[in-house]
Amino acid sequence: SEHNLKYYCEDALGNAGPVDEEKFKVFGKMFEIELNKKWNLISVPFDPLNKDVEEVFKDVEANISAVWTYDAETGEWLVYRPGEDTNNLEEIKTGYGYWISAYNPATLLIGGSLYSPGPNVPPNRELMEGWNLIGYYGAEGKVDYTGPPPDGKKAYCALDSIVKTNLVPLWSSLLTYWEPYNPEQWIELGIIKDSQMDPGAGYWINMKEDGNYAPSTACPGVED
């Protein structure tokens, strides 16, 4: 949104200086993610305004014990534990999935933007053959994530950057997780055209080969 700011200075005698006028734009949206007690598999639909993990989780840190993600390029788990000194997870980014261990239910509020203004490279990440922990790019007009049923793009569309030109997906398995469905928390999205993903959800994806994952711009061969 575009904003117009006018301001001036006035001394104790009421003498006012000239009015200064500035125009500026604010890029970003707000998005809420429902956290359940125990485990949550989530993602942020856009890069937070401040990616620092402590800043992202500062309002819910009393309700969570840990935030985990997995880097398939290095085969390393990264973790943030509020108040601990042994953390190696520093930033929260779009396109990545995160496991949240929570003591109590809470609501995580995220503000940010998927695309930054100016000559910036669109968000993307390299996925490795085997299991990767990913997130959903974009909010699709939604304002929150409260679990299934999903109402984002179909998997073939959301993941079209890792679908070959002959409509063969580069993945063999796609799963998400929702704790209230216990003991059937794991939700398998089959390799079919009507499988649907959800902004705010995190996913395990099993890649048949390496691929570059980026926000979808088209849905070739997939009917709405």
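Report follows, based on the coordinates. (Residues numbered from 1 in each chain as written. Predicted model: local features only at pLDDT ≥ 70, side-chain atom pairs only at ≥ 80, totals over all residues. Heavy atoms only, no water.)

1. Points about the overall build of the protein chain
- Of regular secondary structure, the protein chain possesses two helices and 16 strands.
- Buried residues in the protein chain amount to 44% of all 224 residues.
- For the protein chain, the computed accessible surface area is about 12,200 Å², with 49% contributed by carbon and sulfur atoms. (Helix = DSSP H or I, 4+ residues; strand = E, 2+ residues; numbered from the N terminus. Buried < 20%, exposed > 50% of the residue type's maximum accessible area, 1.4 Å probe, protein only. Areas by Shrake-Rupley, 256 points an atom, 1.4 Å probe, with all protein chains shown as cover.)

2. Digging into empty space enclosed by the protein
- Evaluation of the coordinates by the stated rule reveals one cavity of 30 Å³ or more.
- Approximately 30 Å³ is the volume found for the largest cavity.
- Every residue lining the largest cavity is listed: Tyr136, Tyr137, Glu140, Lys153, Ala158, Tyr213, Pro215 and Ser216. (1 Å grid on protein atoms, 1.4 Å probe; cavity = no way out; pocket = protein on both sides within 12 Å on 5 of 7 lines; lining within 4 Å. Points joined across faces, edges and corners; volume = space filled by probe spheres on them.)

3. Comments concerning the pattern of salt bridges
- Using the criterion set out here, one finds six salt bridges in the structure.
- We note a salt bridge from Lys142 to Asp151, for which the minimum N-O separation is 2.9 Å.
- Judged by relative accessible area, Asp151 falls into the partly exposed class, the value being 43%.
- One network of salt bridges, with partners in common, ties together Lys142, Asp151 and Asp198. (Salt bridge = Lys/Arg side-chain N within 4 Å of Asp/Glu carboxyl O.)

4. Concerning the pairing of strand β11 (residues 130–135)
- Across the six residues of β11, five count as buried, placing the element largely inside the fold.
- Note: β11 against strand β15 (residues 202–207), six bridges, orientation antiparallel. Following the sheet pairing, Trp131 is matched in β15 by Asn206. (Pairing = 2+ DSSP bridges.)

5. Observations regarding the sheet that holds strand β8 (residues 98–102)
- Sheet architecture is open: four strands sit in the order β4-β8-β6-β7, paired in antiparallel fashion. The strands lining the two open edges of the sheet, one partner per strand, are β4 (38–42) and β7 (76–80). Averaged over all neighbouring strand pairs, the angle between strand axes comes to 20°, with direction disregarded.
- Here five bridges tie strand β6 (residues 64–71) to β7, and the two strands are oriented antiparallel to one another. Each residue of the ladder has a partner; that of Val67, found in β7, is Tyr80. (Axes fitted to C-alpha atoms, helices over the stretch in contact; angles between N-to-C directions.)

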